[in-house]
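# Survey of secondary and tertiary structure
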Amino acid sequence: MLALAPEVEVLVRFGRALADPIRCQLLLALRDAPAHPSDLADRIGVSRTRLSNHLACLRDCGLVVAVPDGRRTRYELADPRLGHALDDLRNAVVAVETDRTCADADEKGCC
């Protein structure tokens, strides 16, 4: 198997995290502020079991961390720069979406 460069591995992990709408919602919620799982489940509208699986994925990807908070656990982004990266990525995607320069994008399924 071809070994991936560390930079590629990081992007693959980030892409895996963003590949699911619930994980995207979690990242955006944690971008705003750290939160407890029960609050995140209520905010996003998913069961706590389902949320737990997604938080585990984000932890495994190294994007969020669990911080002991008394008898509870609080989740937050592993690094504040991730919040800025999410904003930058969202802004770039919106800019590309509104400036589709490929005239055949719909027919070719590209862009």
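### Some points on the overall build of the chain
Along the chain, the regular secondary structure elements total six helices and two strands. Tracing the chain from N to C terminus, the helices and strands come up as α-α-α-α-β-β-α-α. A sequence separation of at least 24 residues applies to 47% of the contacts in the chain between residues at least 6 apart. Carbon and sulfur atoms provide 54% of the accessible area of the chain, an area that totals close to 7,600 Å².

### Things to note about the confidence of the model for the chain
Residue-level pLDDT values for the chain average 88, and 85% of them are 70 or greater. Highest mean pLDDT in the chain belongs to strand β2 (residues 72–77) (97); lowest belongs to helix α6 (residues 105–108) (69).

### Details of the side chain of R23
Along the chain, R23 turns up in helix α2 (residues 21–32). Buried within the structure, R23 lacks any salt-bridge partner; D20 is the closest side chain of opposite charge, at an N-O distance of 4.4 Å. Of the polar contacts made by the side chain of R23, one reaches the backbone oxygen of A17; its length is 3.3 Å. The residues contacting R23, other than those within four sequence positions of it, are R16, A17, H54, C57 and L58.

### As for the layout of surface pockets
Approximately 160 Å³ is the volume found for the largest pocket. Considering the residues around the largest pocket, the lining is formed by L18, C24, L27, L28, L86, L89, R90 and V93. Looking at the lining of the largest pocket, the elements that each hand over two or more residues are α2 and α5 (81–98). Per element, the largest residue contribution to the lining of the largest pocket is four residues, and it comes from α5. Of the residues belonging to the lining of the largest pocket, the class tally is seven nonpolar, no polar and one charged.

The rules behind the values
Residues numbered from 1 in each chain as written. Predicted model: local features only at pLDDT ≥ 70, side-chain atom pairs only at ≥ 80, totals over all residues. Heavy atoms only, no water. Helix = DSSP H or I, 4+ residues; strand = E, 2+ residues; numbered from the N terminus. Contact = heavy atoms within 4.5 Å. Areas by Shrake-Rupley, 256 points an atom, 1.4 Å probe, with all protein chains shown as cover. pLDDT = per-residue confidence, 0-100. Buried < 20%, exposed > 50% of the residue type's maximum accessible area, 1.4 Å probe, protein only. Lys, Arg positive; Asp, Glu negative; His and termini not counted. Salt bridge = Lys/Arg side-chain N within 4 Å of Asp/Glu carboxyl O. Polar contact = N/O pair within 3.5 Å; in protein donor to acceptor, adjacent residues only side chain to side chain. 1 Å grid on protein atoms, 1.4 Å probe; cavity = no way out; pocket = protein on both sides within 12 Å on 5 of 7 lines; lining within 4 Å. Points joined across faces, edges and corners; volume = space filled by probe spheres on them. Nonpolar A, V, L, I, M, F, W, Y, C, P; charged D, E, K, R; others polar.

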